[in-house]
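The lines below spell out each chain.
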Amino acid sequence: MTTTLRPAGPEERAADGGRSRTFDIRVNGRRAGSLRIAAAHGAGRVEHLEVAEPDRRRGRATVAVLAAEEALRAWGCREAAVAVPAAAPDALALATALGYTERNRNLAKPVTGPPPPPPSGGAFRDLTDAEYPAWFEAERAAYTRSWTDRGMDPAAAGTRADHAYATLLPDGPATKDVVLRVLTHDGAAVGTLWVSLVAERLRHKEDAYVFAVEVDEAHRGRGHGRTLMLEAERVCHAAGARLLGLNVFAGNTPALRLYASLGYRPVEIHLYKPLG
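A. Layout of the pairing of strand β6 (residues 79-85). Taking burial as the measure, the seven residues of β6 include five buried ones, the bulk of the element. Strand direction decides the pairing type here: strand β5 (residues 43-51) and β6, joined by four bridges, are parallel. Bridged to Val 46 within β6 is Val 82. Read from β5 through helix α1 (residues 60-74) to β6, the crossover connection turns out right-handed. Pairing of β6 with strand β13 (residues 265-274) involves seven bridges; the strand directions are antiparallel. Among the inter-strand pairings, Pro 85 is bridged to a residue of β13, identified as Glu 268.

Structure (structure tokens):
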């Protein structure tokens, strides 16, 4: 039997130059599932893949993904990305077998009660208006770099960063339902925390999200990261949030170990594959 993709509708174009299209997965002309791809600034992704139950475990998904990669190459994409639910081991195994590598993952943890207070010498205060510009520029630079490292044009990465921060921090440190904190130890600033309590901005079912947690390089390895994450739980508990989420990159082994020790569990795995 021959498995092919057939367009299920016209190609869609976005104002920022992005494009997307939905396909039917066909087996000898019979519809066996659906697939959707999207691309922007040279980065492509498989947004949706579904194979009907009678056609599963017969290689239909493999052929569909490989055909999707060819379509993304034709659009000039340098890589393909896919997000796989952590509760879908078969999908993760398929992506891995096709050469996809984990880039990052979303984690979540139920917040069931207030955590312990900061250790002796530790205290929290709000990020000040005077501190915000330098903090913002460092965060924006890191976000932009995360996209240029994937091959995105620097100008496009900067535009993407500006859009993200305009959405997440429209009023800077005064943004409603956003908490920006500084951890001090014996009076010295050692780290920062950014927590959002706006559920409609989040992809999954979290009530709150840790968008950034950072310990100054000179103060790392002293448990300040754990103190910052426990403060995030304290913020969530005080606000009535019950599920706290975050993102972590695959190569950040210390952070992965910290989050696992605190009880965070994977929700979604993000993988990529070069298309050169």
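We are not done yet, so read on.
B. View of the packing of aromatic side chains. For the coordinates displayed, the defined rule picks out nine aromatic pairs. For the pair Trp 135 and Trp 194, a centre-to-centre distance of 5.6 Å together with 75 degrees between the ring planes defines the contact as edge-to-face. With a gap of 59 residues between them, Trp 135 in helix α3 (residues 132-148) and Trp 194 in strand β10 (residues 188-196) connect regions that are remote in the sequence. Owing to a relative accessible area of 9%, Trp 135 belongs among the buried residues under this scheme. Since its relative accessible area comes to 2%, Trp 194 is described here as buried. Look at Phe 136 and Tyr 165: their rings are 5.3 Å apart centre to centre, the planes differ by 70 degrees, and that puts the pair in the edge-to-face class. Taken as a pair, Phe 136 in helix α3 and Tyr 165 in helix α4 (residues 154-168) lie far apart in primary sequence, 29 residues in all. Residue Tyr 165 is classed as buried on the basis of its relative accessible area of 7%. Looking at Arg 160, its charged tip hangs above the ring of Trp 147, at a distance of 3.7 Å from the centre.

C. Looking closely at unusual backbone geometry. For His 41, which is not a glycine, the phi torsion comes out positive at approximately 55 degrees. Considering the arrangement of structural elements, one finds His 41 in the loop between β4 (30-40) and β5. Overall, His 41 belongs to the partly exposed group, its relative accessible area being 35%. The phi dihedral of Asp 177 is positive, around 65 degrees, even though this residue is not glycine. Within the secondary structure layout, Asp 177 lies in the loop between α4 and β9 (178-185).

What counts and how
- Residues numbered from 1 in each chain as written.
- Predicted model: local features only at pLDDT ≥ 70, side-chain atom pairs only at ≥ 80, totals over all residues.
- Heavy atoms only, no water.
- Buried < 20%, exposed > 50% of the residue type's maximum accessible area, 1.4 Å probe, protein only.
- Helix = DSSP H or I, 4+ residues; strand = E, 2+ residues; numbered from the N terminus.
- Pairing = 2+ DSSP bridges.
- Right-handed = clockwise from strand over helix to strand, strands pointing away.
- Phe/Tyr/Trp six-rings, centres within 6.5 Å; stacked < 30°, edge-to-face > 60°.
- Lys NZ or Arg CZ within 6 Å of the ring centre and 35° of its normal.

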